[in-house]
Amino acid sequence: MKLKIKYFSNKIEKLRFIDDVSDWIDLRSAEDIKMKKGEWRLIPLGIAIELPKGYEAHIVPRSSTYMNFGLIQTNSMGIIDTSYCGNDDQWYWPAYALRDTEILTNDRICQFRIMENQPKIEFIEVEELDGCSRGGFGSTGIE
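Throughout this document, residue positions are counted from 1 along each chain, in the order its sequence is written. Restriction of local features to residues with pLDDT of at least 70 applies here, the model being predicted, together with a cutoff of 80 or more for giving and counting side-chain atom pairs; totals for whole chains, interfaces and linings are based on all residues. Side-chain descriptors were evaluated using all non-hydrogen atoms of the structure, hydrogens and water having been removed beforehand.

1. Here we look at the layout of surface pockets
Item 1. The method works on a 1 Å grid over the protein atoms by themselves. A cavity is a set of points holding a 1.4 Å probe that cannot get out, a pocket is an open set with protein on both sides within 12 Å along at least five of seven lines, and residues with an atom within 4 Å of a point line them. Grid points are joined across faces, edges and corners, and a volume is the space filled by probe spheres set on the points. Each pocket or cavity is described by its volume, and for the largest pocket that value is around 200 Å³.
Item 2. Forming the walls of the largest pocket are 13 residues, and the residues nearest its centre are R16, I18, I25, D26 and R108.
Item 3. To qualify as a helix, a DSSP run of H or I must reach at least 4 residues; to qualify as a strand, a run of E must reach at least 2; elements of each kind are numbered from the N terminus. Of all the secondary structure elements, the ones that give two or more residues to the lining of the largest pocket are β2 (25-28) and β11 (108-116).
Item 4. With 3 residues, the single largest contributor to the lining of the largest pocket is β2.
Item 5. In terms of residue class, the lining of the largest pocket is made up of 5 nonpolar, 2 polar and 6 charged.
Item 6. In this structure, the second largest pocket encloses a volume near 170 Å³. All amino acids are sorted into three groups, where Ala, Val, Leu, Ile, Met, Phe, Trp, Tyr, Cys and Pro are nonpolar, Asp, Glu, Lys and Arg are charged, and the leftover types, Gly among them, are polar.

2. Digging into the sheet that holds strand β9 (residues 92-97)
Item 1. The sheet built from 3 strands is open, its strands ordered β4-β9-β7 with antiparallel pairing. For this open sheet the edge positions go to β4 (40-44) and β7 (71-73), each flanked by a neighbour on one side alone. Between one strand axis and the next, the sheet turns through 40° on average, direction left out of account.
Item 2. Any two strands are treated as partners once DSSP identifies two or more bridges connecting them. As paired elements, β7 and β9 share 3 bridges and run antiparallel to each other. Looking across to β9, one finds that Q73 is bridged to A95. The axes are straight lines fitted to the C-alpha atoms, using for helices just the contacting stretch, and the angles between their N-to-C directions are given from 0 to 180°.

3. Comments concerning the pattern of salt bridges
Item 1. A carboxyl oxygen of Asp or Glu within 4 Å of a side-chain nitrogen of Lys or Arg is what we treat as a salt bridge. What the rule picks out here adds up to 5 salt bridges.
Item 2. Salt-bridge contacts for E13 lead to R28; the nearest nitrogen and oxygen are separated by 3.4 Å. Placement of E13 in the loop between β1 (4-7) and β2 and of R28 in strand β2 is noted, with a sequence separation of 15 residues between them.
Item 3. For R28, a relative accessible area of 14% translates into the label buried.
Item 4. Through salt bridges with shared partners, a single ionic network connects E13, R16 and R28. Under the scheme applied here, a residue whose accessible area is under 20% of the maximum for its type counts as buried, over 50% as exposed, and between as partly exposed, the area being computed with a 1.4 Å probe on protein chains only.

4. Looking at the packing of aromatic side chains
Item 1. The aromatic pairing rule takes the rings of Phe, Tyr and Trp, using the six-membered ring of Trp, and pairs them if the centres are within 6.5 Å, calling planes under 30 degrees apart stacked, those over 60 edge-to-face and the rest tilted. Throughout the structure, instances matching the rule amount to 1 aromatic pair.
Item 2. Measuring from ring centre to ring centre gives 5.1 Å for W91 and F112, while their planes differ by 90°; the resulting arrangement is edge-to-face. A residue pair is termed long-range when its members are at least 10 positions apart, and W91 in the loop between β8 (78-80) and β9 and F112 in strand β11 qualify at 21 residues.
Item 3. Given the relative accessible area of 0%, W91 is considered buried.

Here it is as structure tokens:
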């Protein structure tokens, strides 16, 4: 798969897919940012990508983002669809600071992968389902 990418900053490393190491591609902060505990901010990632029809990008924090920066992603997972592909459609990462922190330009803070769109779904209402009941939410216990 080949993707058209526009860079908004020449200060970040170019994206690269590292085959056999990870299915996810790291994204970097496009500017130096200081955040105080309790502050929310959109962190610019310095790129825009034109995704092919039938695909979307899923953006999540890197596993070390909380440990290194004290940041969590406010919407748990970001979705970029094919309509967000214009010249000014820079990707951002919505961050919430759980402590005072500083992110430097080019710091890896989140990651993404390309996924196929969900297939068309038709819901069929029934009185009962065929599967065996597991006992409801949280029924498997803690052991």
